[in-house]
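Chain residues, written in single-letter form:
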Amino acid sequence: MRRRISFWIFPVSVVFLIFLAACMHGQRDSASWAVLSPATAVNGMVATQESLATQVGVQILKQGGNAVDAAVAVGFALAVTLPQAGNLGGGGFMMVHDAKSGKQVAIDYRETAPASAVKDMYLDANGNVVEERSRFSALSAGVPGTVAGLSLALERYGTLTLKKALAPAIRLAEEGIVVTEALTTSLEKHRETLIRWPETAKIFFKADGSSYAPNEVLRQKDLAKSLRKIAEEGPAAFYNGSIGEKLAADMRQQGGWITREDLRNYRVKIREPVRGTYRGHEIVSMPPPSSGGIHLIQILNILESENIQVLGAASPDTLHLMAESMKLAYADRSLHLGDPEFWKVPMRGLISKTYARKLGQLIDKKRATPAEAIKPHNPVPYESRETTHFSVMDRYGNAVSNTYTLNFSYGSGIVAAGTGILLNNEMDDFSAKPGVPNAYGLIGGQANAIEPGKRPLSSMSPTIVFRNKKPFLVTGSPGGSRIITTTLQIILNVIDHEMSLADATHAARIHHQWLPDRLEVEPGFAPETLKKLKNRGHRVELTEPFGSTQSILKIEGRFYGASDPRRKGALALGH
Ligand code: GLY
């Protein structure tokens, strides 16, 4: 109860302050509604899940570095300060807006299946999925992409040397971090997964097995050595050097399938972002192998025909339309989305306005359509929750939206011996068997079946929204299957409901992913609203708050940052 009250105190006080300010100035235009936010600055802004990493990024901006320099340093720092999701042993996506060229690129450093991967590798003799194998064994790890991805981003779009970008992370790993309450809680929560692996237990728990308490110092010596090696030898230390050697040896030891050859063959992909428009804004987001950008744009396209601004935020009508649009998009996801190098994704069709109009006509404005009555459609001719997102904007006009992950908190829980590096369990994002849900309840088929070298389908949606051709909103979130709908709601709250970035972040969220057929609602909606949704046929289920958005808004030369209050430890800071 207390958590719920504190969850609301801030938005309520912000609304009150806005009202007061508007009364004092005799104006309540939309700009004044949109600008109030907790962190403001004129030179740049960094929003991440962990305050030390945010400070690393801000320091780099202060020294004249650009948004990519700051983002890369943040990415490496989070591998130390936020071990549950920040990583070297995982993968992710970085969306960069390069002010000089005026162009955006999507940097895909998602993990790949090892060369020896086979479609049925997680099935037992009876053809049943063995979750333990795809989630908590050495077999669950995909070939990591983070070191290659961050290094490439820096080389192409940054100004710092890799050594300089890695220096803060090395210092944090060597000298240690002061453990926060958030980290103690997280390590305790995942104790069972972590202590199964002696190499992991020895890093994150004390010799007697007890936990690090808040304010104690956690040093990660092996991780510091690995980071130093990368600083000295470049990403080759990881993919073709001593770190890779240790990782492959550990795999052999633990029964995993990643080899030195797999590491040598890993490649980052530079992709053209997926683009859409929404009420005069350009939406630039992540293409496959993420499903995020496509379905974000698809849902926005469906909603664009509806006057949800007038229907109002959190009204039963608006929530109904959102839920029905989400269902249609996630049904399509199950059939059409996969790694584009292995599966022809009908991207143009899925994001077309014509297709959205056709889908919109399927929505009954008064009744929820049961999930079993919804099937994936054919677009007109012509993708734990413990991922993490960070956003950076700089004074030069650059913007970075980055989401990366180990999949679950601490991934598989396995640290490759001698490296200090936690390994992902991203292989669980593949469809282990058609129709059998993964850890997020997501269904898939042939498009997302396991194949050697293939990237598992993701929902990560690092997004940049442009207004008048300038970066306006940089946002994204962790949350597994809920990433897409969480990111969507930040955009709707800012553009349609003209909320301040703080309110847009704090506002209670909903989520529907077609299957299972349930409308998840966070605490905070009026009981009357939920009753009306139930009366329309929605299977409403109250959930724990989800997502953890890290967003930056730029209006009239000022940056406004907002870190989600749903998870402790985050910080938006500017200078
Ligand atoms: N591992 C969660 C995602 O990539 O969507």
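The structure reproduced in this document is the subject of the present report.

Rules used in this analysis
Residues numbered from 1 in each chain as written. Predicted model: local features only at pLDDT ≥ 70, side-chain atom pairs only at ≥ 80, totals over all residues. Heavy atoms only, no water. Axes fitted to C-alpha atoms, helices over the stretch in contact; angles between N-to-C directions. Helix = DSSP H or I, 4+ residues; strand = E, 2+ residues; numbered from the N terminus. Left-handed = near helix turned anticlockwise from the far one by under 90°. Contact = heavy atoms within 4.5 Å. Nonpolar A, V, L, I, M, F, W, Y, C, P; charged D, E, K, R; others polar. Near = heavy atom within 4 Å. Polar contact = N/O pair within 3.5 Å; in protein donor to acceptor, adjacent residues only side chain to side chain. Areas by Shrake-Rupley, 256 points an atom, 1.4 Å probe, with all protein chains shown as cover. 1 Å grid on protein atoms, 1.4 Å probe; cavity = no way out; pocket = protein on both sides within 12 Å on 5 of 7 lines; lining within 4 Å. Sits in = over half its atoms within 2 Å of the grid points. Points joined across faces, edges and corners; volume = space filled by probe spheres on them. Pairing = 2+ DSSP bridges. Buried < 20%, exposed > 50% of the residue type's maximum accessible area, 1.4 Å probe, protein only.

1. Structural notes on the packing of helix α15 (residues 292-304) against helix α19 (residues 353-361)
It is the contact of α15 with α19, at a shortest axis distance of 8 Å, that shows an interaxial angle of 65°. Seen from above, α15 lies across α19 with right-handed handedness. Taken together, the residues of α19 that come into contact with α15 (itself represented by Q298, N301, I302 and E304) are K353, Y355, A356, L359 and G360. Across the contact of α15 with α19, the residue classes break down as four nonpolar, three polar and two charged.

2. Some thoughts on the site of the ligand
Taken together, R110, N407, E426, D429, S458, S459 and M460 make up the full set of residues adjacent to the ligand. Between an oxygen atom of the ligand and a side-chain N or O atom of R110, the distance comes to 2.9 Å. Within the side chain of D429, one N or O atom sits 2.7 Å away from a nitrogen atom of the ligand. Computed on the free molecule, the ligand has an accessible area of 200 Å², of which 98% lies beneath the protein chains in the complex. In this structure the site holding the ligand corresponds to the largest cavity.

3. What to know about empty space enclosed by the protein
If you add up the space inside the largest cavity, you get close to 240 Å³. Residue lining of the largest cavity: 29 residues in total, with D428, D429, N438, Y440 and L442 positioned closest to the centre. The dominant element in the lining of the largest cavity, judged by the number of residues it contributes, is helix α5 (residues 131-135), at three residues. Of the residues assigned to the lining of the largest cavity, the class counts are eleven nonpolar, eleven polar and seven charged. Space inside the second largest cavity adds up to approximately 80 Å³.

4. Details of the sheet that holds strand β21 (residues 571-574)
Taken together, the seven strands give an open sheet; going across it, the order is β7-β4-β3-β11-β10-β2-β21, and neighbouring strands pair in antiparallel fashion. In this open sheet, the two strands that pair with only one neighbour each are β7 (269-271) and β21. Each strand axis lies, on average, 15° off the axis of its neighbour in the sheet, ignoring direction. In the sheet, strand β2 (residues 44-48) pairs with β21 via four bridges, with the strands oriented antiparallel. Residue T48 lies in a different strand from β21, and its bridge partner there is L571. Sitting on the sheet, helix α3 (residues 51-62) is in contact with β2, β10 (388-394) and β21, with an inclination near 160° to β2.

5. Quick look at the pairing of strand β19 (residues 550-555)
Across the six residues that make up β19, a large majority, five, are buried. Inspection of the sheet shows strand β15 (residues 470-475) paired to β19 by two bridges, in the antiparallel sense. Looking at the pairing, V474 lines up with I552 of β19. Pairing of β19 with strand β20 (residues 558-563), which is carried by six bridges, proceeds in the antiparallel orientation. Looking at the pairing, Q550 lines up with S563 of β20.

This is a description of form; function is not addressed.
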